[in-house]
Amino acid sequence: MGTPPWRRTLLQLLACLPAASIAFSAEPAPAAPSRTARFDAVLQEVIGPASMDMSYEAYEADLQQLRALLPAGDRAREIQFRSVYCTSERWTDPRQGLAYSDDAQRRARAAGDLASQARAQFCRIGYVQTLEGTRKALVEADRMVAMLANSQQHQLYGEALVQRGGLLSQLGEQAKALLDYQRARASYRAAGINDEVDALMLEMAIAYRRIGDWAQAERYFTRSVDQRQNEQDWGRVITDLVQLGYLYDESGRPRQAKASFERAIAVAREHGELLSEANARVGLATAQVTLGEHDAALATLEQARAGFAAKESRASADMLLLLAGQALAGKGAHREAMAKYAQAQPLIEQDGNQRYLALLYAAKAASEEALGQATQALADYKRYTTLQTSLQGKMRLEQSQLLEYEYEIRRREFENHRLRTEAAAQQSQVNALERVRRWQTLALLLGVLLVAVLGALALRQRKRTRHLRTLAMTDPLTDVASRRAIEKIAERALAEAAQLQAPVSVLLLDLDHFKTINDRYGHAAGDEVLRATTQAWQAQLRGRDRLGRIGGEEFAVVCMDANREQALAIAGRLLAATRSLELPGIDPALHVRTSIGVAEAHPGDNRATLFARADAALYRAKQQGRDRVEE
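By convention here, each chain's residues receive numbers from 1 onward along its written sequence. The predicted origin of the model limits local features to residues at a pLDDT of at least 70 and limits the giving and counting of side-chain atom pairs to 80 or more, whereas totals for whole chains, interfaces and linings rest on all residues. Just so you know, side-chain values use all the structure's heavy atoms and leave hydrogens and water out.

Observations regarding the overall build of the protein
Working step 1: Each helix and strand in the protein was counted, giving 25 helices and five strands.
Working step 2: Counting every position in the protein, which comprises 631 residues, the buried fraction comes to 47%.
Working step 3: Taking the contacts inside the protein whose residues are at least 6 apart along the sequence as the reference set, 65% of them involve residues at least 24 apart. Starting at the N terminus, helices and strands are each numbered in turn, a helix being any DSSP run of H or I of at least four residues and a strand any DSSP run of E of at least two. The classification of residues rests on relative accessible area computed with a 1.4 Å probe and restricted to protein chains. Under 20% of the type maximum is buried, over 50% is exposed, and intermediate values are partly exposed. Contacts were defined at the residue level, with two residues in contact if any of their heavy atoms lie within 4.5 Å.

Okay, structure coming up:
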C-alpha cells in the first residue's frame, strides 16, 4: 500500500512479514562527546510530532542513524532506542520482533520509563496482529490506551487511540473507531499539535468508507490524490487510489474501481513499489470478479501472489484465496473453488473480519449448490444470512451512533471556540486596563460597581424573562415544545443544516381517530392519552431530536443530522411505540394509533415548504388507511 507515515502503516507492514529472520549486532558504537546531543536530536524526530507524517523511508533512516549514535553504556538511552527500534523494517521474522519488543518493554518497565514502555507495546500490537489476528491485537491496544490514559504523554496517548481505532475499524466497529480518532485529535491538541495530522485524517476517511459514508470519504481521497501528486508523495498517492478503488467497488461502481486500481498499479510500477503494486492487484482482482472478468482476475491474483512472494510477504493470503475461489466459481470450476475456500476460511476466522467471513459463506453456498450439495449449501447460506443480517444491523447502529458522536463533537467544538473567543476578548480587555493611568482607577472601580449592580438587576430580570419564555415555548399539557417553539427550532435547524451542509428532516404526526377517544372516554382521558403518547415518543427519539405539539392531536419532530432513510427509521420507532402503548387506567382494550408524514429538507427549503411536504405525506398516510408512515 505504498509508504505512508510509519505510525499509521506499521500494522500493514508487519502483516507483510515473512518467516525469515534478521541478524544484527545491538552493541552500541563507542560514544563521542557530541553523540549524545545528536542522538537526542534524532530521537526527537523519531518520537516527536513530525514522525506522524514522516515517510517510512525517512523514519527507517532515522532508526539506523539512532543505532549508530547510541552512546555506549547509556542505559536510559538504550531503553529509549530499543522501544523505537522494534518498529524497524529489519525485523522480518515477526516472532523475533515480538521477542525483541517484549524485552524492550521489560527494560522500560524496570526503569520506570512509561513512554518507552508504551512505544514497545505499540510494536507488540503489530506483531500480535501478524501472528494471532486483529482481535488479539485489539486486546493489546486496549492495554496501551489504559497504560497512557492518566499520563501527561498526550501525543503518545493520541497515537495509541489512533492505533486502537484502526483495529476497531478493521473489525467493523466504525463508530467506536471514529470516537477514538476524535479523542486522539483532542489529545494532539493538548500536546500542542494544532494542525491536522494527516495520518489521522486518512484513518478517519477509511472509517467513513467502511461505514458507508462514501461521499465524505470520496471527497477526502480525491483531494488527497491531487495534493500528494503535487508533493510527489507517491506512497500516499497509491494508498489513496487503492482506497478509492475499494470505495467505488463497495458503492456499486466496479468500472471506476477497476480504473482506480489500474492507476495505482501504474504509479507503483513507475516508482518501484513492488509490495504496493501487489496490494493494488488484490483490489483490481476484486473489481474484475465483480465485472465477471474471471480469467483476468486469476491472472491478476497470480501477479499479486508473485509480488508478495518476491518481498517474502504473507499479506492478504486470505483474500488471495477467497478471490481465487470466486473467480474459479465464475468459470464453473466449483470443486477447485471449494478447495480455495477451505484454505481461506481458517485465515479469515483467525483475523476476525466478519465481512470477509460473510463473503466466504455466500461464495461457498453458491458453489455447493452448483455441485448438488444442497444440505451444505443451505447450511452455509443460513450462516451467510445470519451474519449479513447482523452486519447490516450493526451498520445501521454504527451510523446512528456516529451521528450522535458527530453532533456532540460539533457542539463541543463550538463551545470551545466560544470559550476561546471570550477568553481572548477578556485578555484584551485586561491588557487595555493595565495601560490606563492610575488616576482612572477610582473611576474604573466606580464603573465596575455600577456594572455589577446593573448586572445583578439584569440577571434578575433575565431569570424572570427566561421563566416566562420557557412557559411560552412549552406546551403545558404534554411538556413538549409549543407550536411557536417547534417552528423556531425548525428554522434554526434549516439554517444550521445549510451552513454545515448537513441533512435535516421533519416528521408530522397525527393521532388517528382521537376525537373518538375524547367522545367515548372524555377530555380528561384524551389529555392522559396525549401525555402518555408523547412520553412514549420521547423515549424513542435521539438526544438532539425535538418533539413539539402543533395543536390538538398534531405533533412535529425536527430531526437534526437525519437524512430520508434515518428519518424513516425514527418514524418507524415512533409508530411501533404508539402501537405498543397500553392505558389500563382508561381502558385495557384502548389501542392508540398514529399516522406519520416524513420530509427531508431540500436546498432552498424554508420552514413552510418543508412542513408543507411533510403535511402532504401525512395526508397520504391518512388516505391510505392510517397507522402508517408515508414520505
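That was the structure; now back to the text.
What to know about the state of the cysteines
Working step 1: Note that a disulfide, as used here, is simply two cysteine sulfur atoms within 2.5 Å. Applying the stated criterion across every chain yields a total of one disulfide.
Working step 2: Each sulfur in the disulfide pair Cys86 and Cys123 lies 1.9 Å from the other. Between Cys86 and Cys123, the disulfide has an S-S torsion of 70° and is therefore right-handed. Taken together, the residues span a long stretch of sequence, with Cys86 in the loop between helix H4 (75-85) and helix H5 (94-111) and Cys123 in helix H6 (residues 114-132) at a distance of 37 residues.
Working step 3: We classify Cys86 as buried; its relative accessible area is 1%.
Working step 4: Taking relative accessible area as the criterion, Cys123 reaches 0% and is therefore assigned buried.

Considerations on the pairing of strand E2 (residues 546-551)
Working step 1: The sheet contact formed by E2 and strand E3 (residues 554-560) spans five bridges and is antiparallel. Bridge pairing in E3 links Arg549 to Phe555.
Working step 2: The turn linking E2 back onto E3 is made up of two residues, and Gly552 within it adopts a positive phi angle of 55°. Any two strands with at least two DSSP bridges between them are considered paired.

Regarding the pattern of salt bridges
Working step 1: Salt bridge, as applied in this entry: a Lys or Arg side-chain nitrogen positioned within 4 Å of an Asp or Glu carboxyl oxygen. For the structure on display, the rule yields 42 salt bridges.
Working step 2: Of the charged contacts, one joins Glu140 and Arg124 as a salt bridge, the two residues approaching to 3.0 Å between their closest N and O atoms. Of this pair, Glu140 sits in helix H7 (residues 134-148) while Arg124 sits in helix H6, placing them 16 residues apart in sequence. Arg124 shares its class with Glu140; the two are buried.
Working step 3: The salt bridge involving Arg164 is made with Asp180; its shortest N-O contact spans 2.7 Å. Of the two residues, Arg164 is situated in helix H8 (residues 154-170) and Asp180 in helix H9 (residues 174-190); the sequence distance between them amounts to 16 residues.

A closer look at a positive patch on the surface
Working step 1: A cluster of basic residues, Arg484, Lys488, Arg492 and Arg546, forms a positive patch at the surface.
Working step 2: Broken down by element, the positive patch gets its largest block of residues, three residues, from helix H21 (residues 483-500).
Working step 3: Mapping Arg492 onto the fold places it in helix H21. Without a salt bridge and with relative accessible area above 30%, a residue can belong to a patch; like charges are then joined within 9 Å and nonpolar side chains (Val, Leu, Ile, Met, Phe, Trp, Tyr) within 5 Å. Surface accessibility in these figures is a Shrake-Rupley result with a 1.4 Å probe; residues are shielded only by whichever protein chains are displayed. Counted as positive: Lys and Arg. Counted as negative: Asp and Glu, with His and the chain ends omitted from the count. One atom stands in for each charge, and that atom is NZ of Lys, CZ of Arg, CG of Asp or CD of Glu.

Observations concerning the side chain of Ser101
Working step 1: Examined against the element boundaries, Ser101 turns out to sit in helix H5.
Working step 2: When neighbours within four sequence positions are excluded, Ser101 is seen to be in contact with Cys86, Ala120, Cys123, Arg124 and Tyr127.

Points about the pairing of strand E1 (residues 504-511)
Working step 1: Across the eight residues that make up E1, a large majority, eight, are buried.
Working step 2: Burial along E1 is two-sided: the face carrying Val504, Val506, Leu508 and Asp510 and the face carrying Ser505, Leu507, Leu509 and Leu511 are both buried.
Working step 3: As defined by bridge partners, E1 adjoins E3 across seven bridges and the pair is classed as antiparallel. Looking at E3, one finds that Leu507 is bridged to Val557.
Working step 4: The pairing of E1 with strand E4 (residues 594-600) spans seven bridges and is classified as antiparallel. The residue of E4 that forms the bridge with Asp510 is Ser595.

Notes on the packing of helix H2 (residues 35-47) against H4
Working step 1: Here an axis means a line fitted to C-alpha atoms, over the contact stretch when the element is a helix, while the angle between two N-to-C directions is reported on a 0 to 180 degree scale. Here H2 crosses H4 at 35°, and the two axes come no closer than 11 Å. In this structure, the crossing between H2 and H4 has a hand that is left-handed. Across the interface between the two elements, Thr36, Phe39, Asp40, Leu43, Val46 and Ile47 of H2 pack against Arg77, Gln80, Phe81 and Val84 of H4.
Working step 2: Looking at the contact of H2 with H4 residue by residue, the class counts come to six nonpolar, two polar and two charged. Helix crossings get a hand from a simple test, with the near helix turned counterclockwise from the far one by less than a right angle marking a left-handed crossing and a clockwise turn marking a right-handed one. When residues are grouped by polarity, Ala, Val, Leu, Ile, Met, Phe, Trp, Tyr, Cys and Pro land in nonpolar, Asp, Glu, Lys and Arg in charged, and all others, Gly among them, in polar.

What about H4?
Working step 1: Buried residues of H4: Ile79, Phe81, Arg82, Ser83, Val84 and Tyr85, and no others.
Working step 2: At its buried positions, H4 is contacted by H2, helix H3 (56-69), H5 and H6.

Quick word on unusual backbone geometry
Working step 1: The backbone phi angle of His513 is positive, close to 55°, even though this residue is not glycine.
Working step 2: Within the fold, His513 resides in the loop between E1 and helix H22 (514-521).
Working step 3: The backbone phi angle of Asp627 is positive, close to 55°, even though this residue is not glycine.
Working step 4: Inspection of the secondary structure assignment puts Asp627 in the loop between helix H25 (607-623) and strand E5 (629-630).

Considering the confidence of the model for the protein
Working step 1: Each residue carries a pLDDT score, the predictor's own confidence in it, on a scale running from 0 to 100. Mean pLDDT over the protein stands at 84; residues scoring 70 or higher make up 84%.
Working step 2: The low-confidence segment residues 1-27, where pLDDT is below 50, has 96 contacts with residues more than four positions distant or belonging to other chains.

Re H5
Working step 1: In this scheme, a helix's expected span is set at 1.5 Å multiplied by one less than its residue total. Taking 1.5 Å of rise per residue, 18 residues should cover 26 Å, and H5 covers 26 Å from first to last C-alpha, within 8% of that figure.
Working step 2: Of all the positions in H5, only Pro94, Gly97, Leu98, Tyr100, Ser101, Asp102, Ala104, Gln105 and Ala108 are classed as buried.
Working step 3: In the core, the buried residues of H5 are packed alongside H4, H6 and H7.
Working step 4: Its side-chain oxygen at 3.0 Å from the backbone nitrogen of Arg95, Asp93 defines the N-terminal cap of H5.
Working step 5: Just beyond H5, the residue with positive phi is Gly112, at close to 70°. For the purposes of these results, a polar contact is taken to be a pair of N or O atoms within 3.5 Å, where, inside protein, one atom must be able to donate a hydrogen and its partner to accept one; residues adjacent in sequence count only when each atom of the pair is a side-chain atom.

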